[in-house]
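Fold and contact review
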Amino acid sequence: MTLPPRAVESARPDGEPPAQTPPGTARVHVDEPLLAARVHRPSDLLRFLAGLLGVVAVLALAGIAHNTTTGITSDITSGATKVHGLSTTLSGLLAGAAVLLVPLAFTVERLARRDGMRLADGVLAAVLAHSLTLGLDWWVVEGAGEGIRNALTRAPQPGGGLTDPVHGYLVPVIAYMTAAAPPGRPRWRIALWSVVVLNGGTELISGYNSPMSLALTVILGWTVAHGTRYALGSPNARTTGRSLLVELRKAGFHPATAHRAPDGPGGTHRYYVAQQQGPPLDVHVIDRELQASGFFYRLWRRIRLRSAAVRRSPRSPRQALEHESLISYAAASAGAHAPRLVATSELGPDAVILVYEHVAGRTLDELPDAEVTDELLTGLWESVRALQDRQIAHRRLTGESLLAVAQGPAHLTNLSHGDVAAGDFALRMDIAQLLTTFALRAGPERAVATAADVLGPTRVAAALPLLQPIGLSRSTRADLRRYNREHKAEAPDGDEGSTEGTTGDTTEGDLLSRIRRLILDMVPETPAAPVRLERFKPKTLFTAIGGAIAVYSLLTAFPATQIDFADMNGAWVLAAFAAAALSHLAAAMCLIGFVPGRLPFGRTLLAQIAGSFVKLVTPAAVGGVALNTRFLQKAGVRPVQAVASVGVSQLAGLACHLVLLFTFGYIGGTEQGTDLAPSRTVVAGLLTAAVLVLTVTAVPPLRRFVAARLRPLLAGVVPHLLDLLQRPYRLAVGFGGYLLLTAAFVACLDASLRAFGGHASLAVVAVVFLTANAVGSAAPTPGGIGAIEGALIGTFVGLAHVPIEIATPAVLLYRILIFWLPVLPGWACFGYLQRKGAL
């Protein structure tokens, strides 16, 4: 830790002068930023979401299992008749008194402790809960189904209506006390739930509420309380520097000044404390707010990665103190160079402190490159070897945890994430992490060489299967991406060495592949197959979600009643199916024609079929481009060339589309007579396009916007297109593929129309398809769903005068053959190409 700047005496947040120190003691200075008044705890959000699911589950159960809920209510009613009336009356009076006295006593206790902020939060939660109760009562009585109403209400009272679906005053009480209760006060929670049980039992016996009604009451009040706490934030109870200094005095230290240092990993608060007598100290403060730091990221890592690759976080500050103390003492016993732990203490019920001897130095991240010497790397490797010999894993060997000391050996810090009695997997992950950390600063050659000198080639080689980006820390992955981008930008255009031999993502694998090659050169017989660290990959999750959407859409989107299959002409349906199948071959030709290298036709065809699945969950103009770019990169095409190839193919497709649109539009407008003048539709279209072009060029902001997006495209596409002009065979395949693709789509649409007895000239059908396809490409919906169907039907009816009774089923049949039917085969092709490493 670097030495902090000179301390300044801090004022209290309310503007009063600093508190006076006790007589006979020196004045103590504290330098720290003001704490946020409130914090938003992820635990409150998770409880709120769980409560919402609970409310939905109760309502669903009430609506589905109404026979069961009615039976339970009847059994309780029959049992209640055996209870003596006097007992019921006394319990009702006691419950009514308790439900008023307990919140009142709680309020008085909070006011005595000057905790009005929490009480205000509780009052707001109670108001919201009461409002939701009124709304839910109205909905159950007036708008819900009979099953829900029967489960949540009891039979009409004599001379009155149904009982309340939700307990009218118990919900606000639950919301109020749950939202206002501070952590670490279990007696009020016990009192609250005792009141809830007593009151709920009384209401069941008296017949005023049903079991489902009481369950909904409890869940609703609890949910509103935690939703309010998360929305407003809880009062920040983090420890201040002054309370820390008081605790240090009790522990026998003599603090003179205290400075807030940068927070440690995971949000640990740190202070640099100078003493009146004795060496300076580094004090780490761990409190309950620490659990909120990075909670969702840790949860995602735990779900995604295997348990051996993720360390469990302590559940409480006390557990964190015990864990970090154990690691510190174990590291010292092993002989590793690390700051010495000299004291620990609890700082109230919600925080603990760990006191270390201060070690002056700079972290590896702060050192200039000239000071990252082999001696420094070797010293750090020796400390890691000492840990490894005692089966101790550090688990956070990043630049911020490696401290270079001016007078003495380098130290390992941030031991709180480590493990004792660690398995071989965790120890090898430490080596992989430190190899990458050193390679980012000193180069892979020096990182591997110093590791082999200290650990030995065999131990270094054992970490080879774990050299994967997913197994590294978050900061290291970010540094790795930045490092590879910079070195790719500096590499010559013809240098292919940066992408050869990589495994996994090309963005992150370049430096790691160099480390792997160096290790394999040193120990050739080392198994290089990567260990599987992930339970699943994000793209696997994407595949599963997309597949579920595909199955659901195919089962529900097009019910049989929308198309009268009895009236379809089977021959034309088969012709439409053949044309739809031909479109995938044409799409493969389009891609192959604009790529300089050779592509395997079979896999290229499978990639185009897989595009049918991708379009289901992405906009029509995005999914295919991304998939083809990824496919080309996996096929060995450099990223720049892959993007340029796909860009050229898109540009060629746009040119063909415009030419064909105006050509068929002209033919369609003149084929009804001998007049060769273009139709009014074509003229209107040309004028509209001209107005748009003039508007863009005349308005500077629009002109700059379009130029900024076209310039990068043309910068890579134009040189690539000039290169293709020297290969007329490739251009013929590419443009021929687009013509064949358009012909296949037009033929499929025409055959679909004829299958239902409709008829239009091929030129008009081509105009209908080209117009609707342009609309679908611009639509933000996945696959242009809705936009393409509406454009096709509207154009058929308005331009070709096809009856809507024929146009609608014809368009639906066409979309089933072109878009929906290939989804499941596309899903299978997508998964196959993933398994083969082609996507």
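Calculation notes
- Residues numbered from 1 in each chain as written.
- Predicted model: local features only at pLDDT ≥ 70, side-chain atom pairs only at ≥ 80, totals over all residues.
- Heavy atoms only, no water.
- Helix = DSSP H or I, 4+ residues; strand = E, 2+ residues; numbered from the N terminus.
- Contact = heavy atoms within 4.5 Å.
- Areas by Shrake-Rupley, 256 points an atom, 1.4 Å probe, with all protein chains shown as cover.
- Buried < 20%, exposed > 50% of the residue type's maximum accessible area, 1.4 Å probe, protein only.
- Pairing = 2+ DSSP bridges.
- Expected span 1.5 Å × (residues − 1).
- Core = buried A, V, L, I, M, F, W, Y, C linked by side-chain atoms within 4.5 Å.
- Axes fitted to C-alpha atoms, helices over the stretch in contact; angles between N-to-C directions.
- Left-handed = near helix turned anticlockwise from the far one by under 90°.
- Nonpolar A, V, L, I, M, F, W, Y, C, P; charged D, E, K, R; others polar.
- Patch = residues over 30% accessible without salt bridge, like charges linked within 9 Å, V, L, I, M, F, W, Y side chains within 5 Å.
- Salt bridge = Lys/Arg side-chain N within 4 Å of Asp/Glu carboxyl O.
- pLDDT = per-residue confidence, 0-100.
- Phe/Tyr/Trp six-rings, centres within 6.5 Å; stacked < 30°, edge-to-face > 60°.
- Lys NZ or Arg CZ within 6 Å of the ring centre and 35° of its normal.
- Parallel < 35°, antiparallel > 145°, perpendicular 65-115°, else oblique.

**Topic: the overall build of the chain**
For the chain, the helix and strand inventory stands at 29 helices and eleven strands. Counting only contacts in the chain whose residues sit at least 6 apart along the sequence, the fraction spanning at least 24 positions is 76%. Total accessible area on the chain is roughly 40,400 Å²; 64% of this is exposed by carbon and sulfur atoms.

**Points about the pairing of strand β6 (residues 281-287)**
Walk down a regular strand and you will see the side chains alternate between the two sheet faces. Most of β6 is tucked away: seven of the seven residues are buried. Two strands pair when backbone bridges link them, and strand β5 (residues 269-275) and β6 are joined in this way by five bridges, in the antiparallel orientation. In the sheet register, Arg-270 faces β6, and the bridge partner there is His-284. Where β5 folds back on β6, the antiparallel hairpin that results is connected by five residues, among which Gly-278 adopts a positive phi of roughly 110°.

**Focus: helix α13 (residues 424-442)**
End to end, α13 covers 27 Å across 19 residues, agreeing with the expected 27 Å (1.5 Å per residue, within 8%). α13 sits mainly inside the fold: 17 of its 19 residues count as buried. A positive backbone phi angle near 95° is found at Gly-443, which sits one or two residues after α13.

**A closer look at the nonpolar core**
Formed by 54 residues in total, the largest nonpolar core has its most connected members in Trp-381, Leu-402, Leu-435, Phe-438 and Ile-519. Those elements giving two or more residues to this core turn out to be α11 (317-334), α12 (374-389), β10 (402-404), α13, α14 (444-455), α15 (457-461), α16 (474-490) and α17 (509-522). Among the elements that make up this core, the one with the highest residue count is α13 (ten residues). Not counting residues up to four positions away in its chain, the partners in contact with Leu-435 are Trp-381, Ala-447, Val-448, Ala-451, Val-460, Ile-515 and Ile-519. Ala-580, Tyr-738, Val-764 and Val-765 belong to the second largest nonpolar core, which has 46 residues in total.

**Notes on the sheet that holds strand β11 (residues 411-412)**
Sheets are built from strands paired through backbone hydrogen bonds, the pairs being either parallel or antiparallel. Spatial strand order, β9-β10-β11: three strands in an open sheet with antiparallel pairing. The open sheet terminates on both sides in strands that have one partner only, identified here as β9 (362-363) and β11. The pairing of β9 with β10 spans two bridges and is classified as antiparallel. Across the sheet, residue Arg-362 finds its bridge partner in β10, namely Ala-404.

**A short note on the packing of helix α19 (residues 570-593) against helix α28 (residues 804-820)**
One way to put it is that α19 packs onto α28 with a least axis distance of 9 Å and a crossing angle of 40°. Seen along the crossing, α19 lies across α28 with a hand that is right-handed. Contacts between α19 and α28 involve Val-573, Ala-576, Phe-577 and Ala-580 from the former and Leu-813, Leu-817 and Ile-818 from the latter. Looking at the contact of α19 with α28 residue by residue, the class counts come to seven nonpolar, no polar and no charged.

**Re a nonpolar patch on the surface**
Taken together, the side chains of Leu-46, Leu-49 and Leu-52 make up a nonpolar region of the molecular surface, amounting to roughly 220 Å² of accessible area. With respect to the element layout, Leu-52 can be found in helix α1 (residues 42-64). Since its relative accessible area comes to 38%, Leu-52 is described here as partly exposed.

**Points about the confidence of the model for the chain**
The pLDDT averaged across the chain works out to 75; a share of 70% of its residues lies at or above 70. Every residue in residues 1-27 scores below 50 in pLDDT, and together they form 46 contacts with partners more than four places removed in sequence or on other chains. Here residues 493-509 is a poorly scored stretch, pLDDT under 50, and it has 27 contacts once near neighbours within four places are set aside; other chains count.

**A few points about the packing of aromatic side chains**
What characterises a pair of aromatic rings is the spacing of the ring centres plus the angle enclosed by the ring planes. Evaluation of the coordinates by the stated rule reveals six aromatic pairs. Relative to Phe-438, the ring of Trp-381 has its centre 5.6 Å away and its plane inclined at 75°; by these criteria the two rings are edge-to-face. Within this pair, whereas Trp-381 is found in helix α12, its partner Phe-438 is found in helix α13, the two being separated by 57 residues in sequence. For the residue pair Trp-381 and Phe-438, the accessibility class agrees, reading buried in each case. The rings of Phe-613, Trp-827 and Phe-830 are connected pair by pair, giving a single aromatic cluster. Between Arg-260 and the ring centre of Tyr-271, over which it is positioned, the NZ or CZ distance is 5.7 Å. Between Arg-815 and the ring centre of Phe-819, over which it is positioned, the NZ or CZ distance is 4.7 Å.

**Here's the deal with the pattern of salt bridges**
Per the stated rule, a full pass over the model turns up 16 salt bridges. For the salt bridge of Arg-428 with Asp-424, the shortest nitrogen-to-oxygen distance reads 3.1 Å. One end of the pair, Arg-428, and the other, Asp-424, are both in helix α13, four residues apart, so they sit about a helical turn from each other. The closest approach of N and O atoms between Asp-479 and Arg-482, which form a salt bridge, is 2.3 Å.

**A word on α28**
Among the 17 residues in α28, twelve count as buried, and that is most of the element. All of the buried residues along α28 are Ala-807, Pro-809, Ala-810, Val-811, Leu-812, Leu-813, Tyr-814, Arg-815, Leu-817, Ile-818, Phe-819 and Trp-820.

**Quick notes on the environment of Ala-343**
Tracing the sequence through the fold places Ala-343 in strand β7 (residues 341-346). With a relative accessible area of 16%, Ala-343 lands in the buried category. For Ala-343 and Ser-325, which are 18 residues apart along the polypeptide, the C-alpha to C-alpha distance reads 9.2 Å. If sequence neighbours within four positions are ignored, Ala-343 has contacts with Phe-253, Ile-353, Leu-354 and Val-355.

**What about the environment of Val-56?**
Tracing the backbone through its elements, the reader meets Val-56 in helix α1. A residue is classified by how much of its surface remains accessible, and Val-56, at 54% relative accessible area, is exposed. Distance from Val-56 to Leu-216, taken between C-alpha atoms, is 9.4 Å for residues 160 residues apart in sequence.

**What to know about the environment of Val-352**
Summarising the element assignment, Val-352 is placed in strand β8 (residues 351-357). With 34 residues separating them along the chain, Val-352 and Arg-318 place their C-alpha atoms 6.8 Å apart. Aside from chain neighbours lying at most four places away, what touches Val-352 is His-284, Val-285, Ile-286, Pro-317, Arg-318, Leu-321, Ser-345, Glu-346 and Leu-347.

**Side note on the pairing of β5**
In terms of residue burial, β5 counts as a mostly covered element, since six of its seven residues are buried. As defined by bridge partners, strand β4 (residues 255-261) adjoins β5 across six bridges and the pair is classed as antiparallel. Following the sheet pairing, Ala-258 is matched in β5 by Val-273.

**Examining the packing of α12 against α13**
Two elements in contact, α12 and α13, have axes whose closest approach is 11 Å; the angle formed by their N-to-C orientations is 175°. Classified by the angle between their axes, α12 and α13 sit roughly antiparallel to one another. On the side of α12, the interface is formed by Leu-377, Leu-380, Trp-381, Val-384 and Gln-388, while α13 contributes Leu-427, Asp-430, Ile-431, Leu-434, Leu-435, Phe-438 and Ala-442. Residues of the contact of α12 with α13, tallied by class, amount to ten nonpolar, one polar and one charged.

**Quick word on unusual backbone geometry**
Positive phi outside glycine occurs at Asn-414, with the angle close to 55°. As for its position among the elements, Asn-414 is in the loop between β11 and α13. Judged by its relative accessible area of 7%, Asn-414 is buried. Residue Ala-421 is not a glycine yet carries a positive backbone phi of 50°.

**Thoughts on the side chain of Ser-473**
Relative to the assigned elements, Ser-473 resides in the loop between α15 and α16. For Ser-473, the residues in contact, after removing those within four places along its chain, are Thr-398 and Gln-433.

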